[in-house]
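Chain and residue survey
Here is what each chain is made of, one letter per residue.
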Amino acid sequence: EVQLVDSGGGLVQPGGSLRLSCAASGFTFSSYAMSWVRQAPGKGLEWVSGINSGGGITRYTDSVKGRFTISRDNAKNTLYLQMNSLKPEDTAVYYCAKPTHRATIRGSIDEYDYWGQGTQVTVSS
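Summarised in this report is the structure supplied together with it. What you are looking at is a predicted structure, and each value in this text was computed from that prediction instead of being measured.

Looking now at the packing of aromatic side chains. Taken as a whole and assessed by the stated rule, the structure comprises four aromatic pairs. Geometrically, the ring pair formed by Tyr95 and Trp115 is edge-to-face, given 6.3 Å between the ring centres and 85° between the ring planes. Note that Tyr95 is positioned in strand β9 (residues 92-99) and Trp115 in strand β10 (residues 112-115), a separation of 20 residues in sequence. Looking at Tyr95, the relative accessible area reads 17%, which means it is buried. Each member of the aromatic cluster is reached from another via a ring pair, and the members are Phe27, Phe29 and Tyr32. Lys98 extends its terminal NZ or CZ atom over the ring of Phe27, reaching a point 5.7 Å from the ring centre. Lying across the ring of Tyr32, Arg102 places its NZ or CZ 5.0 Å from the centre.

Parameters at a glance
- Residues numbered from 1 in each chain as written.
- Predicted model: local features only at pLDDT ≥ 70, side-chain atom pairs only at ≥ 80, totals over all residues.
- Heavy atoms only, no water.
- Phe/Tyr/Trp six-rings, centres within 6.5 Å; stacked < 30°, edge-to-face > 60°.
- Helix = DSSP H or I, 4+ residues; strand = E, 2+ residues; numbered from the N terminus.
- Buried < 20%, exposed > 50% of the residue type's maximum accessible area, 1.4 Å probe, protein only.
- Lys NZ or Arg CZ within 6 Å of the ring centre and 35° of its normal.

This is the structure we're talking about:
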């Protein structure tokens, strides 16, 4: 059974940092690209960042470029999102997501078949 467990969220002041983690199990993690997706209050799901299976190719939505860094440790079956210089508009529930097709680094929401339970990130003074 595929499981994705998100953690690391919390309350942080503007300009602060957080590191999210996603522990994966039940599939060959090292063979799949992975993504982070977020949902802000009252808004739809938004793709944030993706990484290929080996970790050498990363992609970001424009609003987080230069502030967020996605990475993975295939030996630990874990996906990360380092978030720096956080802004109030980054407030959202963050989900890691596994794509249906293993090579999908950046996809539409319906191209992901498994999701973590989400971790809340709140940026506020």
